[in-house]
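# Secondary and tertiary structure notes
Each chain is listed here by its residues.
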Number of protein chains: 4
Amino acid sequence: MSSTFGSNIKVTLFGQSHSEGIGVVIDGLPVGETIDLDLVQLFLDRRAPGKSSLVTARRESDTPQILSGLVDGKTCGAPLCAVIKNTDVRSRDYDQHLKIPRPSHADYPAYVRYKGYNDIRGGGHFSGRLTAPLCFAGACCMQILNRKNIKIGAHLLSIGNVFDTKFDPVSTNPDLLDEVSAKPFPVIDDNAGKRMASQIEQAMSAGDSVGGIVECCVTGFPVGYGDPMFDGLENRLAAAIFGIPGVRGVEFGAGFAAAGMLGSEHNDPWYIASDQVVTSSNNHGGIIGGISTGMPIILRAAFKPTASIALEQQSVDLSQNKNCSLTIEGRHDPCIAVRAVPVVEAAVAITLLDAIS
Amino acid sequence: MSSTFGSNIKVTLFGQSHSEGIGVVIDGLPVGETIDLDLVQLFLDRRAPGKSSLVTARRESDTPQILSGLVDGKTCGAPLCAVIKNTDVRSRDYDQHLKIPRPSHADYPAYVRYKGYNDIRGGGHFSGRLTAPLCFAGACCMQILNRKNIKIGAHLLSIGNVFDTKFDPVSTNPDLLDEVSAKPFPVIDDNAGKRMASQIEQAMSAGDSVGGIVECCVTGFPVGYGDPMFDGLENRLAAAIFGIPGVRGVEFGAGFAAAGMLGSEHNDPWYIASDQVVTSSNNHGGIIGGISTGMPIILRAAFKPTASIALEQQSVDLSQNKNCSLTIEGRHDPCIAVRAVPVVEAAVAITLLDAIS
Amino acid sequence: MSSTFGSNIKVTLFGQSHSEGIGVVIDGLPVGETIDLDLVQLFLDRRAPGKSSLVTARRESDTPQILSGLVDGKTCGAPLCAVIKNTDVRSRDYDQHLKIPRPSHADYPAYVRYKGYNDIRGGGHFSGRLTAPLCFAGACCMQILNRKNIKIGAHLLSIGNVFDTKFDPVSTNPDLLDEVSAKPFPVIDDNAGKRMASQIEQAMSAGDSVGGIVECCVTGFPVGYGDPMFDGLENRLAAAIFGIPGVRGVEFGAGFAAAGMLGSEHNDPWYIASDQVVTSSNNHGGIIGGISTGMPIILRAAFKPTASIALEQQSVDLSQNKNCSLTIEGRHDPCIAVRAVPVVEAAVAITLLDAIS
Amino acid sequence: MSSTFGSNIKVTLFGQSHSEGIGVVIDGLPVGETIDLDLVQLFLDRRAPGKSSLVTARRESDTPQILSGLVDGKTCGAPLCAVIKNTDVRSRDYDQHLKIPRPSHADYPAYVRYKGYNDIRGGGHFSGRLTAPLCFAGACCMQILNRKNIKIGAHLLSIGNVFDTKFDPVSTNPDLLDEVSAKPFPVIDDNAGKRMASQIEQAMSAGDSVGGIVECCVTGFPVGYGDPMFDGLENRLAAAIFGIPGVRGVEFGAGFAAAGMLGSEHNDPWYIASDQVVTSSNNHGGIIGGISTGMPIILRAAFKPTASIALEQQSVDLSQNKNCSLTIEGRHDPCIAVRAVPVVEAAVAITLLDAIS
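One numbering rule holds for all chains: residues counted from 1, following each sequence as written. Here every chain gets a letter starting at A, and every ligand a number starting at 1, in the order they are written. Where totals are concerned, whole chains, interfaces and linings use all residues; where local detail is concerned, this predicted model gives features only for residues with pLDDT of at least 70, and gives and counts side-chain atom pairs only at 80 or more. Based on all heavy atoms of the structure, the side-chain values leave hydrogens and waters out of the count.

### Description of the overall build of chain A
This is how the line gets drawn: In this text, helices come from DSSP runs of H or I with a minimum length of four residues, and strands from runs of E with a minimum of two, each type numbered from the N-terminal end. Any residue under 20% of the maximum accessible area for its type is buried, any over 50% is exposed, and the rest in between are partly exposed; the area is computed with a 1.4 Å probe on protein chains only. The Shrake-Rupley method, run with a 1.4 Å probe, gives the accessible areas here. Residue values count only the displayed protein chains as cover.
Scanning chain A from terminus to terminus reveals 8 helices and 18 strands. Its C-alpha atoms give chain A principal-axis dimensions of about 70 × 50 × 35 Å. Looking at chain A as a whole, 67% of its 357 residues qualify as buried. Accessible area of chain A: about 11100 Å², with a carbon and sulfur share of 49%.

Below is the structure:
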């Protein structure tokens, strides 16, 4: 019961890393909306593996096939189903993890949860590969949001201890969101980007991996959407973003830094500009009490370092019930945060289109 | 549609700060469980206002009346409904906020969302007062969890820039959880606690407020519960905790710090101890891929400083469409994090009992 | 998890027949809607016991107390909670059913389902008394629907083998719906009503009970609401109506009779009248493929005879694991269909307001 | 939001009659269960078109391709996705219905609901063809139920005014369920079956269609599953069955006939047989108060006559806003009830496996 989310727009993901295919069913999209599949493909390409030396060598064309939901390129009210076939699959790399779980991977809890029947190949249903159909759904939602002048963009705020410039939370330029997204390495400050890339290369050459933070900004989202308490925009966005493998924290606006501030510093004064009620600072991140304020929505997601590293690690042999050492084979990103940038955008796009539908 | 959450155990909150009463309906509790109402009251007292100089002067006995769901003190399968009457209500303090929204309060987005019909008195449905029935539900769930040797405890990890000792994430003593909870000011290191209290007093005397972080630990939670993707334990816990007013960030295990780590630092090696598969470090915080590992669950929630401060602030007069200044009257906590400690425990208790039911 | 239903408008019922109180939480009502509590009371009075010789002698004033959700008589966006206290309670009548389940009552399956912890007094959570808060919710929804010129009315189509006239499915007069509802014995043809009443009296004087059918009609419901497949209006209405104790069947339009018809008889031709697309017959009952057609919605619910009868019956003694005979004490309606008329209207009102919200 | 249903087992359908493909995602199946795809195919063949002269001439092999969820033929905890390609598609037959809606079809309400963007070809998402993936899901669930000795079978209780023998509601032989299902024309009394077939042929040769009732029986379903009020087994079963196109009524046990009975006739006495608590009659149909009693579950679904008939009918031309006549082309079943028999079994299987999972 973990693969469906959303209320008005319901997204159901399926597939395992090495199954016949992966895909998504999107129910509840507004009707009569054109889905430009070339634009969708460009979005998927941002996430796709095999592009550069910084990501896994697995190559997947990630070309979705549309089974239903579109008539003459427009949404028709029926669920939109897209399927991506798995092709470049090397399952033999994974056989050992059935009995020797990888540290910080879901192998062991999944083994208990699914009584050993879970698909271990490529991480099965836990694989980052499932974010491809999530991106498909996000790309569709984003096209519809864009027509309403709602823009969503994300960048790598940090890799290891190197930080990019933050988005300006008050007067973010929507064009910057597009511009940053279009970069092969999505940062605002390209010099910071070079130092980040170098951290990743360093980790990779050491057989290691490194973590990072993705910051996402939404402009043009109207005031007055969302609900208090358990169905607030923060709750829904956090629930969606924690669905991306490797996320360890989510924060909005000033986030954890708010805990170190005084009220007089943190409070965002209201004022009127061009007949709009706005705030002069944006520590609240565009959402108060679960409801949008009309200011840019700002959130950050912390990604752990890739769990699969080449260095030898300690684990247990479940078949013999004893400790053992483990060396992981296979092709892995040295930093999952990099390819997670469009995935965060996708999760946000789906959640926000759902909230205004 | 924001006041109900949970799957197997469904919790529905109702009430506004100054309405006749507030309360909760809990559906799906396991049957035949004794609910000790004296213990519930002790838990509610930890959250209750009017106890010390560090919290609001509003005094509410917060004594719940049970309308249904218990027969001879035991759960009977029917929804448990508890009501708390609102008594010490001073609604006149709030009249002005109908037209002059308070900075960093939901007044303005709620005004748009509810077309001006929302209950402004005491913050209405957005009030921290709604956490009283949430604590009622949490206290019931915690009694049931305790019988399964699952213990939940939280403390103030920080107030402003003063930090308490963290919970030991590997070998947390369950008794420590009880001991810390029982303290009037719930910290591990009482000296840090004194410095925290002094930060709060300082802010209060300056007409200001201050933020803080609550850290929560769960011991004894069994391996193999939860689901991948959108129904993972992190997703559910985050969705519940963001339902507490004032939360700006939620993180698990190493949390945001994980983004600055190498895989070789962050990965938690598995080993076998007393026939159990455990980890020698706990950066993963007891949950991997949405599923519990059997290690202590560790999470942190960042609370913003109380939005209502005595200092004069800038806002807008919606009735005249012009900027104005605002001085907030009323009785307010100088630091919402303090009373949030049992509230976080309650949200965690409900979510975890739901997950194993 | 059985006491909450609805999507946009979520209704949560609580209480047992003999608990301290029963009630309802309604979340998601449109804001700024006046709820006339006198009109609500009139609606509740239609369902209330103790009115005539044809219904149970239990007397309950059924006066709801509003705990939250209304400000100055208008919905404010926060959940509306109403509580009705249980007063005229005679629990001793029920003691024996803990071990000797009543035929065609839920005593035995509930005993297994709830491991003997269920509240047996007055039928507990299974009691028809829970339809009082359902009627409260329905009365609120109906006031809002009426302002949109959507009218809902029901009548007793049959008692035993005596039948009332059916509603005209094509050109139902909305005023007739009000007129029939206002009658103490809600039938179209009062002569049929007299014969029905006589059937009930006859059953009652024989220590027996009798079943009946309630027919409900909705006028003014606009075309184009609902969804295909599992979230169609029929699915939602049926799911709501089967929540009323004693319902054994639900049908729409021609209903079961449709199975005996030819397509050429059953099909309803479209034509244009006053610029509206309408049908010249209404065998479809206002809903096709889960979506409203704009024609009157027609449905029928079959109610079984009251299970509690005075005649001696056969049952088992669970404590001794042997067969025994049973004589039921207590105060029971001889025909639950009579008081079910407003309850069916209530379930329909909630479902339809939900569908257009 | 209409294509997903279920709680513990969530079934999501997608596809339109003439889209690239149709299919289903099943999330939450118990792990380690073998799914025999040959048995699934046999089940699908019972529903498939093109078998005899009594059903549509459209020929579809209906061979599902499994994209995910099975490892070595066993469920692995990840969602099971199966896709069926649409092949024998003749979309030109449907062009006219974009502007001239077919009587008793969803064309017109769907046109309003989806603003004219709905897929009209073959009925789009409203097509009976969507019951193929529903049958796939049902066949999987049924295999799992069978391993628990729960058997589900259905037959044609009536076609037009010809009735088959009813299932014995008290001592149904589970083998009979299999035996009836295996028949090409699923009836208990083959003589009645012949008269039914002749009614269908008669209607077909007159360019007309005819309705029918499907009766379903479940043996071996254990006592104590389900919930009172809105999540009762009746509510869930009815919500699932009304998802099948053409259903106009659903009843349990004695059903509508219960409304004409006295309590003393309708009540089912409890007694003890072989240490089991059972009833000597089964007017309650195996469910009381939403909870299973352990007796056979008996339900009936009324199907309207096929809406698409060859006879000329009256309709409207939406493009010219005037009345017109209409002759429907295309290949249509003369009686949808026939192929609905396994579909009802499938809906019941999914719902019941969900209820005990």
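### A short note on helix H3 (residues 131-146) of chain C
Put simply, the rule reads: Helix span, expected: 1.5 Å multiplied by one less than the number of residues in the helix.
Between its first and last C-alpha, H3 of chain C extends 21 Å over 16 residues, near the 22 Å set by a 1.5 Å rise per residue. Across the 16 residues of H3 of chain C, 15 count as buried, placing the element largely inside the fold.

### Remarks on the interface of chain C and chain D
We count it as follows: Residues are treated as being in contact if the distance between any of their heavy atoms lies within 4.5 Å. Here the buried area means the combined drop in accessible surface, using a 1.4 Å probe, for two parts upon being joined, counting both sides. What counts as a salt bridge is simple: a side-chain nitrogen of Lys or Arg found within 4 Å of a carboxyl oxygen of Asp or Glu. Here a polar contact is taken to be a pair of N or O atoms separated by no more than 3.5 Å, where protein atoms must pair a possible hydrogen donor with a possible acceptor and residues adjacent in sequence count only if both atoms sit in side chains.
Of the residues lining the interface, 94 residues belong to chain C; the matching set on chain D comes to 95 residues. Interface area, chain C with chain D, both sides summed: about 7500 Å², of which 64% is carbon and sulfur. Interface area lost by chain C to chain D is led by Phe230, Arg248 and Trp270 of chain C, which between them contribute 12%. Close ionic contact of Asp227 of chain C with Arg113 of chain D constitutes a salt bridge, the shortest N to O distance being 2.6 Å. Joining chain C to chain D, the criterion identifies 38 residue pairs in polar contact (both at pLDDT 80 or more).

### Quick word on the relation of the copies chain C and chain D
To be explicit about the condition: We place the copies in one frame by least squares, fitting the C-alpha atoms of every residue whose pLDDT is at least 70 in both.
Relative to chain D, chain C is turned by 180° and slid 0.0 Å along the rotation axis, the superposed coordinates differing by an RMSD of 0.0 Å. These values place the two chain copies in the arrangement generated by a two-fold rotation axis. Interface overlap between copies: 100% of the residues of chain C at the interface are likewise at the interface in chain D, consistent with a symmetric, same-surface contact.

### Re the sheet that holds strand E16 (residues 297-303) of chain A
Stated precisely, the cut-off is as follows: When DSSP finds at least two bridges between two strands, those strands are taken to pair.
Taken together, the 10 strands give an open sheet; going across it, the order is E9(A)-E8(A)-E10(A)-E16(A)-E11(A)-E11(B)-E16(B)-E10(B)-E8(B)-E9(B), and neighbouring strands pair in antiparallel fashion. Every other strand in the sheet has two partners, leaving strand E9 (162-163) of chain A together with strand E9 (162-163) of chain B as the edge strands with one partner each. Two elements, strand E8 (residues 151-159) of chain A and E9 of chain A, share 2 bridges in a ladder whose sense is antiparallel. The residue bridging Ile159 of chain A from the neighbouring strand is Val162 of chain A, located in E9 of chain A.

### A few points about the packing of helix H1 (residues 37-47) of chain A against helix H3 (residues 131-147) of chain A
Residue and element names in this part refer to chain A. Stated precisely, the cut-off is as follows: Here an axis means a line fitted to C-alpha atoms, over the contact stretch when the element is a helix, while the angle between two N-to-C directions is reported on a 0 to 180 degree scale. Here roughly perpendicular refers to angles of 65 to 115 degrees, roughly parallel to angles under 35, roughly antiparallel to angles over 145, and oblique to all remaining angles. In this scheme the crossing of two helices becomes right-handed for a clockwise turn of the near helix relative to the far one and left-handed for an anticlockwise turn of less than a right angle. For this scheme, ten residues count as nonpolar: Ala, Val, Leu, Ile, Met, Phe, Trp, Tyr, Cys and Pro. Four count as charged, namely Asp, Glu, Lys and Arg, and the remainder, Gly too, count as polar.
Where H1 contacts H3, the two axes come as close as 9 Å, and the packing angle between them is 135°. Classified by the angle between their axes, H1 and H3 sit oblique to one another. Pair H1 / H3 crosses with right-handed handedness. Contact residues: H1 offers Leu37, Leu39, Val40, Phe43, Leu44 and Arg47, while H3 offers Thr131, Ala132, Cys135, Phe136, Ala139, Cys140, Met142 and Gln143. In terms of residue class, the contact of H1 with H3 is built from 11 nonpolar, 2 polar and 1 charged.

### Topic: the environment of Ala240 of chain C
Within the element layout of this structure, Ala240 of chain C appears in helix H6 (residues 233-241). A relative accessible area of 0% means that Ala240 of chain C is categorised as buried. The sequence separation of Ala240 of chain C and Val348 of chain C amounts to 108 residues, and the corresponding C-alpha distance is 7.5 Å. Setting aside residues up to four positions removed in sequence, Ala240 of chain C forms contacts with Phe5, Ala347 and Thr351 of chain C together with Phe230 of chain D.

### Looking at the environment of Ser319 of chain D
Examined against the element boundaries, Ser319 of chain D turns out to sit in the loop between strand E17 (313-317) and strand E18 (322-326). Of note is the side chain of Ser319 of chain D, whose polar atom sits 2.5 Å from the side chain of Asp317 of chain D.

### Considering the side chain of Ser127 of chain A
Residue and element names in this part refer to chain A. Tracing the backbone shows Ser127 in the loop between helix H2 (107-113) and H3. Judged by relative accessible area, Ser127 falls into the buried class, the value being 10%. At 2.8 Å, the side chain of Ser127 and the backbone nitrogen of Arg129 are in polar contact. Ignoring any residue separated from it by four or fewer positions in sequence, one finds Ser127 in contact with Ser17, Gly122 and Pro245.

These figures capture arrangement, not role.
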